[in-house]
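Chains, contacts and geometry: an overview
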Amino acid sequence: MNWTISNQSLDPQQLLVNESLFSLGNGYLGVRGNFEEGYPEGVPTIRGTYINAFHDLAAIHYGEKAFGYPEVRQKLMNLIDAQTIRLYLDDETQPFSLFSGDVVHFERTLDLQYGFSERLIQWHSPAGREIMIRFRRLVSFVRRELFAIEVTVEPVNFSGRLKIVSTVNGDVENFSDASDSRVASEDEAHLDVLSARNDGAVSLVTDQAHTSKRKVSCAASLNFSVPAETQLAVLPGSVETSATVALNGPVTVIKKTIYTDSLRHGQQTEQTAAALLRGLDHVPFSKLLEEQQTYLDRFWRLSDVRITGSPALQTGIRFNLYQLLQAAGRDSVSSIAAKGLSGEGYEGHYFWDTEIFMLPFFTLTQPELARGLLLFRYGLLDSARRRARVMGHRKGALFPWRTITGSECSAFFPAGTAQYHINADIAYSCVQYYLATGDDDFLARFGAEILFETARVWMETGHYLNGSFRVDGVTGPDEYTAIVDNNYYTNAMAKYNLYWAAKAAGNLKAADPGCYTRLSERLQLTDREPEEWAHAAKAMYLPYDPERGINPQDDTFLQKAVWNFAETPPGNYPLLLHYHPLTLYRYQVCKQADTVLAHFLLEDEQTLETMRRSFDYYEKVTTHDSSLSTCIFSIMAARLGDTGKAYDYFKTAARIDLDNTQGNTRDGLHLANIGGTWMAIVFGFAGVRIKENGLSLRPVLPSAWKGYAFRLVYHGRVLSVSVAGEQLELQLTEGSRLSFKLYDQPVELKSGQTAVFPLHR
Ligand code: BGC
């Protein structure tokens, strides 16, 4: 139950949204949910196929340029389009279209358990022929280069002929929207067609990114369930395959397409694609579906979240987790883009979104995948070191605010490069991963270096004043306030970063002195540095306003006038599309959770009362114009004991894409919010925390639900958590023994043991 999302809409605006919602991906390849048969003139579409990290370069044009501004942008490319399949009945000149003739029935479904999408159609052609059509498609989780479509056409009131025309088109462009800074505007980044040809019945198209020179190839073939003779025609930039078959009963066509790129497959992309395609010759679509299911069974076993009492939210959360799986890069050159592989918004860039909003889900349910994502960041250290030098730091590494390969791609530094907190965010997620897994090898070989290099940058960004360590001239998560001193979030996270860098140095030195010496020699780390980190962490200034009893967002935030919310027309949200940044910077108005986020991530820094008062204060001035916000307010509301409010925020977060509440789901799904909804259940309602002293839980149940359940992977053990009515059931389903805290009391479970506790209200 509740394993599918469906939609019947043919409304043009909803179709754009659905293209994102019904997108398919496997971390490498992503295909938007476009119609195979295409759309008539005037029906908007963003037809898209992407390979994670496959990008071109474009110069950034500034009116006025200053030292250190990034000069080159990376941009995820829309790739060779292999989605198109047109169907012609008998002698009709117009192919099947949902915008002509008579649509008797249309429904599309995304199946989250079996890993495919489907369109079921009953259609009368303009000439009165009736057919049933079923399109099924998948992007394989086990054969990363494969995108396959199966089409079955069945005549209802006639028998005759069916002509199938399938294309692979290399002449494609990216979508652009000059009115929205979150979508790239037109520029020189584009693909050139290198070759379009056929080898027998196989279509082969190779494109090259104009400036980055990365190559991508697509090889495609068709299989028919009835005798068919195919004809291939090479057109400018594309290859077209057509066949006419008898249509007396159901006819099934399978289109298999393989994508390869020069980053993963070397220069021989075309040969590799063709060879991989040949290997699939005798693999039926049913086998591909079976493979999907086996893969997903394993995924859901650990990652599913069950909600009893709300079918809509149950589907919503499963949809979200499925999308995270589809988006997550599984190799050393890719991570999770802000929109995953579902659209072109934010140009396929990786932000702090990955570490703070998405990684927790992987860390606690699929730790191997989380490790890979952290290793990707580790691989960016050299570019981060270069960036730190440009930014005037003598030592250390500064991760870029947005990037694909590691160089800073943010052209607006007040809300980009100035967000130094990304360094601490990455450090934080390394520590969380380490605390959740006990993966010493990771910490010694990769994590420590990330911690040391990021800590070094804090030492140079901050300074001592009257004995306390302060960080000046940064931007916190709230992008409606920029370039401030002592942003509470940044300082608190930098403190954690510095503390853990010093601690990791001490631990490594004790556990593996040889390894520590090699690392410190390579980094030219002096003995004094870890001491300085520890000292700065201890002395870190965390702003507190005694009058209000809250943590000010930064040194000047509370001195500003409060934004005039009463007179802001509803149509003026998100404010960023209606006000100059400077106008926003002058007021107390937050785009998203900032101090409230710090309170969630580092709750031991403040008393519950300070966090409560701060929550109440910031709630009034936060617009949630960023989708990275309501999930955090949900978590903190739960922590502060207001389960009802937590639930309201959760509901908003859970439906951001399904209801298009941010208005831009057409540009891709909001992956950070998607990860945030899992966090709202696990860290929010279930009160899970991972700290130096271990795992703890504090579950509550929103009154709208009968229960919920999920699993956590912690130090190789699997803990199953199930809340039902008044009761909490915990079971150690894998692993020998697990100690943790429940409502602050110690609990220990032995292998297989189930324990039942009364649920706290
Ligand atoms: C948010 C950032 C976020 C970015 C990408 C912006 O609107 O303010 O926090 O990293 O979107 O999702």
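The sections below set out a description of the structure shown in this document. Quick caveat: nothing in here was measured; it's all calculated off a predicted structure.

1. Digging into the overall build of the protein chain
For the protein chain, the helix and strand inventory stands at 19 helices and 31 strands. The C-alpha radius of gyration computed for the protein chain amounts to 27 Å, which stays within 12% of the reference 27 Å derived for 761 residues, consistent with globular compactness. With the principal axes as the frame, the protein chain shows a C-alpha extent of 85 × 60 × 60 Å. Taken across its 761 residues, the protein chain has 63% of its residues classed as buried. By element, 49% of the accessible surface of the protein chain is carried by carbon and sulfur atoms, the whole surface being about 27,700 Å².

2. Considering the site of the ligand
The ligand sits among A338, Y346, F351, W352, D353, W401, E479, K591, Q592, S626 and L628. A distance of 3.0 Å separates an oxygen atom of the ligand from a polar atom in the side chain of Y346. Here an oxygen atom of the ligand sits 3.2 Å away from a polar atom, N or O, in the side chain of E479. Relative to its unbound accessible surface of 310 Å², the ligand loses 93% to contact with the protein.

3. Here we look at the sheet that holds strand β7 (residues 85–89)
The sheet built from 4 strands is open, its strands ordered β7-β12-β17-β16 with antiparallel pairing. Strand pairing shows two members of the sheet lacking a second neighbour, β7 and β16 (230–235), which therefore form its edges. Between one strand axis and the next, the sheet turns by 20° as a mean value, whatever way the strands run. Sheet topology places β16 next to strand β17 (residues 238–247); 6 bridges connect them, and they run antiparallel. Its bridge partner being in β17, V234 is matched across the sheet by V239.

4. Structural notes on the side chain of T417
As for its placement among the helices and strands, T417 is situated in the loop between α8 (381–390) and α9 (421–437). When its relative accessible area of 6% is taken as the criterion, T417 is described as buried. Setting aside its immediate chain neighbours within four residues, T417 contacts R387, M391, W401, E408 and S410.

5. Structural notes on unusual backbone geometry
Note the cis peptide between Y573 and P574, where omega equals -5°. Within the element layout of this structure, P574 appears in the loop between β22 (561–562) and α14 (581–585). Its identity as a non-glycine residue notwithstanding, Y346 has a phi of 55°, on the positive side. By the secondary structure assignment, Y346 is in the loop between α5 (311–327) and α6 (353–365). Residue Y346 is classed as partly exposed on the basis of its relative accessible area of 23%. Of note in the backbone geometry, I483 takes a positive phi value of approximately 50° without being a glycine. For I483, the position within the fold is in the loop between β21 (468–471) and α11 (488–511).

6. Focus on α9
Given a rise of 1.5 Å per residue, 17 residues ought to cover 24 Å, and the 24 Å separating the end C-alpha atoms of α9 matches this to within 8%. A large share of α9 lies buried, amounting to 17 of its 17 residues. At the exit of α9 stands G438, carrying a positive phi of roughly 70°.

7. Points about the packing of aromatic side chains
The full count for this structure, using the stated rule, is 44 aromatic pairs. Seen from their ring centres, F141 and Y295 are 4.9 Å apart, and the 5° between their planes marks the pair as stacked. Taken together, the residues F141 in the loop between β10 (130–139) and β11 (146–155) and Y295 in helix α4 (residues 285–303) connect sequence positions 154 residues apart. Accessibility classification places F141 together with Y295 in one group, the buried group. Feature note: the residues W3, F299, W300, F361, F362, F600, W678 and F683 constitute an aromatic cluster, connected by ring pairs. Positioned above the aromatic ring of F116 is the side chain of R136, whose terminal nitrogen or guanidinium carbon lies 5.6 Å from the ring centre.

8. Quick word on the layout of surface pockets
Its boundaries defined by the atoms lining it, the second largest pocket holds a volume of some 670 Å³. Lining the second largest pocket are 35 residues, and of these Y428, Y496, W500, L601 and L602 sit closest to its centre. Residue assignment for the lining of the second largest pocket shows that the elements contributing at least two residues are α6, α9, α11, α13 (528–539), α15 (595–601), α19 (671–685) and β24 (689–691). No other element matches α11, which puts 7 residues into the lining of the second largest pocket. Its residues assigned to classes, the lining of the second largest pocket shows 21 nonpolar, 4 polar and 10 charged.

9. Examining the sheet that holds strand β13 (residues 191–199)
Across the sheet, 9 strands lie side by side as β1-β8-β9-β10-β11-β18-β15-β14-β13; this open sheet has antiparallel pairing. On the outer flanks of this sheet lie β1 (4–7) and β13, each paired with one strand and no other. Across the sheet, the axes of successive neighbouring strands diverge by a mean angle of 15°, strand direction being ignored. Alignment of β11 against strand β18 (residues 251–261), held across 8 bridges, turns out to be antiparallel. Paired with A148 across the strands is K256, a residue of β18. Along the sheet face, α5 touches β1, β8 (102–111) and β9 (116–124) and points at about 70° away from the line of β8.

10. A word on empty space enclosed by the protein
Under the defined criterion, the tally for this structure stands at 4 cavities of 30 Å³ or more. There is about 100 Å³ of room inside the largest cavity. If you go around the largest cavity, the residues you meet are F22, G33, N34, F35, E36, R108, T109, S117, E118, R119, F135 and R137. For the lining of the largest cavity, the secondary-structure elements that each account for two or more residues are β8, β9 and β10. With 3 residues, β9 is the single largest residue contributor to the lining of the largest cavity. The residue inventory of the lining of the largest cavity, partitioned by class, reads 3 nonpolar, 4 polar and 5 charged.

11. Quick look at the packing of helix α7 (residues 367–379) against helix α10 (residues 440–461)
Here α7 crosses α10 at 40°, and the two axes come no closer than 10 Å. Classed by the angle they form, the pair α7 and α10 counts as oblique. The way α7 lies across α10 gives a crossing that is left-handed. Note on element contacts: α10 touches α7 through D441, F442, R445, F446, E449 and I450, opposite R371, L374, L375 and Y378.

12. Some remarks on helix α16 (residues 608–621)
In this model, α16 (14 residues) spans 20 Å end to end at C-alpha, consistent with the 20 Å of a helix rising 1.5 Å per residue. For α16, the secondary structure elements touched by its buried residues are β22, β23 (587–588), α15, α17 (630–639) and α18 (643–654).

13. Details of the pairing of β17
In terms of burial, β17 is a largely internal element, 7 of the 10 residues being buried. Counting the residues that bridge the hairpin from β16 to β17 gives 2 residues, and of these G237 lies at a positive phi of roughly 80°.

14. Focus: the environment of A680
Following the sequence through the fold, A680 ends up in helix α19. C-alpha separation for the pair A680 and A646, spaced 34 residues apart in sequence, amounts to 8.2 Å. The contacts of A680, once residues within four sequence positions are left out, are C631, S634, I635, F650 and F685.

Conventions and cut-offs
Residues numbered from 1 in each chain as written. Predicted model: local features only at pLDDT ≥ 70, side-chain atom pairs only at ≥ 80, totals over all residues. Heavy atoms only, no water. Helix = DSSP H or I, 4+ residues; strand = E, 2+ residues; numbered from the N terminus. Rg over C-alpha atoms; globule rule 2.2 N^0.38 Å. Buried < 20%, exposed > 50% of the residue type's maximum accessible area, 1.4 Å probe, protein only. Areas by Shrake-Rupley, 256 points an atom, 1.4 Å probe, with all protein chains shown as cover. Near = heavy atom within 4 Å. Polar contact = N/O pair within 3.5 Å; in protein donor to acceptor, adjacent residues only side chain to side chain. Pairing = 2+ DSSP bridges. Axes fitted to C-alpha atoms, helices over the stretch in contact; angles between N-to-C directions. Contact = heavy atoms within 4.5 Å. Expected span 1.5 Å × (residues − 1). Phe/Tyr/Trp six-rings, centres within 6.5 Å; stacked < 30°, edge-to-face > 60°. Lys NZ or Arg CZ within 6 Å of the ring centre and 35° of its normal. 1 Å grid on protein atoms, 1.4 Å probe; cavity = no way out; pocket = protein on both sides within 12 Å on 5 of 7 lines; lining within 4 Å. Points joined across faces, edges and corners; volume = space filled by probe spheres on them. Nonpolar A, V, L, I, M, F, W, Y, C, P; charged D, E, K, R; others polar. Parallel < 35°, antiparallel > 145°, perpendicular 65-115°, else oblique. Left-handed = near helix turned anticlockwise from the far one by under 90°.

Nothing here speaks to function; it is geometry throughout.
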